[in-house]
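Summary of the model geometry
The residues making up each chain are set out below.
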Amino acid sequence: MPKKTASFILEVDPQGIALLTMDLPGEKVNKLSMSVMEELDEIIQKIRNEKEIKGLIILSGKKDIFIAGADISEIEEISDPAKGKELAARGQAILGKLENLPFPVLSAIHGACLGGGLELALACHYRIMTDHPKTILGLPEVKLGIHPGFGGTQRLPRLVGLRNSLDIILTGKNVYPKKALKIGLADKVVPVEYLLDQAKELIIKKGNKGYSRPIGIRKKQALLDRLIESNKPGRDFIFKKARESVLEKTKGHYPATLKALQVIKEGLSLHLEGGLAIEASSLGEMAATDVCKNLISVFYLQETLKKETGVQDEIMPLPVKNAAVIGAGIMGGGIAQLFADKGLPVRMKDINNEAIGHGLKSAAGVFKGKLKKRIIDKREFDLKMGNISTSLNYRGLNKTDLVVEAVVEKMGIKQAVLKECEEHLNEDAILASNTSSLSITEMAGVVKRPHKVAGMHFFNPVHKMPLVEVIRGKETSDETTATIVAMSKKLGKIPVVVKDREGFLVNRLLMPYLNEALFILEGGTSIKEIDKALLDFGMPMGAFILLDEIGLDIGYHVAEILHAAFGDRMEPARLMKKVVDSGKLGKKNDSGYYSYRKGKRDKPDETIDSLREGTKGDHLGANEIVDRCILIMLNEAAHCLEEKIVDKPEHVDGGMIFGTGFPPFRGGLLRYAESRGLQEIVTRLEEFATKYGDRFKPAKLLKKLAQSGKGFYQQRGKT
């Protein structure tokens, strides 16, 4: 007779194998809140001395989810390090009891097994995974500003070795079944339909052999790794290199990553219990930091955006079973790859075979990366590439539900493509443009069904950047908007609906930031000084590195569009045109603000000095560089909210984090402004307006909020 608690169902089969199924009521996913952990503790206490039980299998009652992790709201509430330490230690103690049960304990994993879920699985003696694409393992805690706190920093290295564990813990990245099996994190990988049978078979096998709990290191490692990690100098070398890598990537802005490294190093020199004590204490410290709170707010922001439909009313999105991409360049190939990866047939059309070849190469390159990382195998590679068909004409598009146009960024060409393409589509098909700045309303003016046209702006590289801007033209229908939002989610992206105005949201905010870096360069500060200041602030790359990546001609084209639309506030720095006129296009022709050797960035290009004007000796400090670049971007964000380019501040912060890489540890552009104080921001902008010109004149909304003492989020009653 099954025994039920609030979150678990326990039953024992005729062979004496206990099946413990976790199924959190009223939730889509299983989470390890402390109340759930206490339930688990009670169950462990009850079954410990039951002689009929020969083994325990832990399962999930959720679809495609094992355990998603700890309850983030409980982490969010931690303000006292001592409280965080206490909670971590309690969780560790409960999982320690699970590990010390006198019979084999196995986690049968189907779906996502992350954070605290994987720490629970690590406390089990064996782990079997399904080979399903949705089955993943991971310890993503560093993405929330903490590190594993239920034993993950101590058990994982003892199981899979130091290098493998650092790669998982310090990056927070997912581990897929084939990789998990290879490194010894999984004992077996099976089809989902055989999961329970195989789990029982393993329990019986281990029990019949005379079970003794696995102790110490049990790992599958290459001989070289084993030799290096078996001695202190070798381990010290690994830790040294890992620390250097972390500092290079994070610039010290994410303290939990360095703390995790320290906890692993200190813990491995002790017995397990000593290491767990260090882990719990450190977890408490990290959970109370501002960085943790900001990263948790970004997590909630992401979840909020994923739930939005893009429309006010309950509109059912149209089904998309077949897609097409017009234009097989880097972006077109990347977009086609996304559709193919999700199992959608997609036709890629261009005007010649050479262009088609480039598009296929771009898509194949992404899949080859997955193949190399063992995320997919050769069979899956062939199946996914097989989802992409190609054409030099529009024949066969009559069954297509969604067409994404990704041709050159010129209005006349895009209008011609949309008009011609529409003639070959059925009446329900949607036409989406991947434009980065051109008016959707104007573009749709040449078609018969403008309500079926919208923007679907992906960011480069397509497979990595999470954001999609969904642009509503004047005639775009709710149904069209809802369909593109739903499709963006299916492609694994985060959609933000924006109003049709030049630059939309992201480019409209990004261009003033880049332009201001050019003004600073004109004034005498060096490229190296400017980019270093912005990198130290936390931006993913310096302004001039980004300009080179975008393409200097493309950047100038967008700047001209914004200047025409918004006047003197968006006037491009004179240096921008001079550099383009000199023949420099950035990385794509190995000549930009940086010099390049065989496509690899070298040092800043010294010939830029001969093109710039101004006082060559006027070197600004890092704080002024950052404030000029970041605050002008922030001011433009306030203008966007005034004009209702987006509906709410979450869309601004989401757009900048997921579209440009604005540092997540700062919580978002508007969260950063609120943390500094809006009155301070306004005062600083007014100082810059006096010194550098009216482009810094504070937006009305910004001044209004500063005077009221409220923030962007607080104006709606949110904190």
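About the criteria used
Residues numbered from 1 in each chain as written. Predicted model: local features only at pLDDT ≥ 70, side-chain atom pairs only at ≥ 80, totals over all residues. Heavy atoms only, no water. Pairing = 2+ DSSP bridges. Helix = DSSP H or I, 4+ residues; strand = E, 2+ residues; numbered from the N terminus. Axes fitted to C-alpha atoms, helices over the stretch in contact; angles between N-to-C directions. Parallel < 35°, antiparallel > 145°, perpendicular 65-115°, else oblique. Contact = heavy atoms within 4.5 Å. Nonpolar A, V, L, I, M, F, W, Y, C, P; charged D, E, K, R; others polar. Disulfide = S-S within 2.5 Å. Buried < 20%, exposed > 50% of the residue type's maximum accessible area, 1.4 Å probe, protein only.

In this section: the pairing of strand S22 (residues 600-604). Inspection of the sheet shows strand S21 (residues 594-597) paired to S22 by 3 bridges, in the antiparallel sense. When the bridges of S22 are listed, Tyr-596 appears paired with Arg-601. Connecting S21 to the antiparallel partner S22 that follows it, the hairpin turn spans 2 residues, and Lys-598 within it adopts a positive phi of roughly 55°.

Attention shifts here to the packing of helix H25 (residues 622-642) against helix H28 (residues 678-692). Direction vectors running N to C along H25 and H28 enclose 105°, while the axes themselves pass 10 Å from each other. Between H25 and H28, the angle is such that the two are roughly perpendicular. Of the residues in H28, those touching H25 at Asn-623, Glu-624, Asp-627, Arg-628, Leu-631, Leu-634 and Asn-635 are Ile-681, Arg-684, Leu-685, Phe-688, Lys-691 and Tyr-692. Here the residues of the contact of H25 with H28 sort into 6 nonpolar, 2 polar and 5 charged.

This part covers the state of the cysteines. Put plainly, a disulfide is one covalent bond tying together the sulfur atoms of two cysteines. With the rule as written, the count across this model stands at 0 disulfides. Take Cys-629: it sits in no disulfide, and the sulfur closest to it among the cysteines is that of Cys-640, at 18 Å. The class for Cys-629 is buried, based on a relative accessible area of 0%.

Before going further, it helps to examine the sheet that holds strand S12 (residues 188-190). Across the sheet, 7 strands lie side by side as S1-S2-S3-S5-S8-S10-S12; this open sheet has mixed pairing. This sheet does not close on itself; its edge strands, each paired only once, are strand S1 (3-4) and S12. One ladder, built from 2 bridges, connects S1 with strand S2 (residues 8-12); its direction is antiparallel. Bridged to Lys-4 within S2 is Ile-9.

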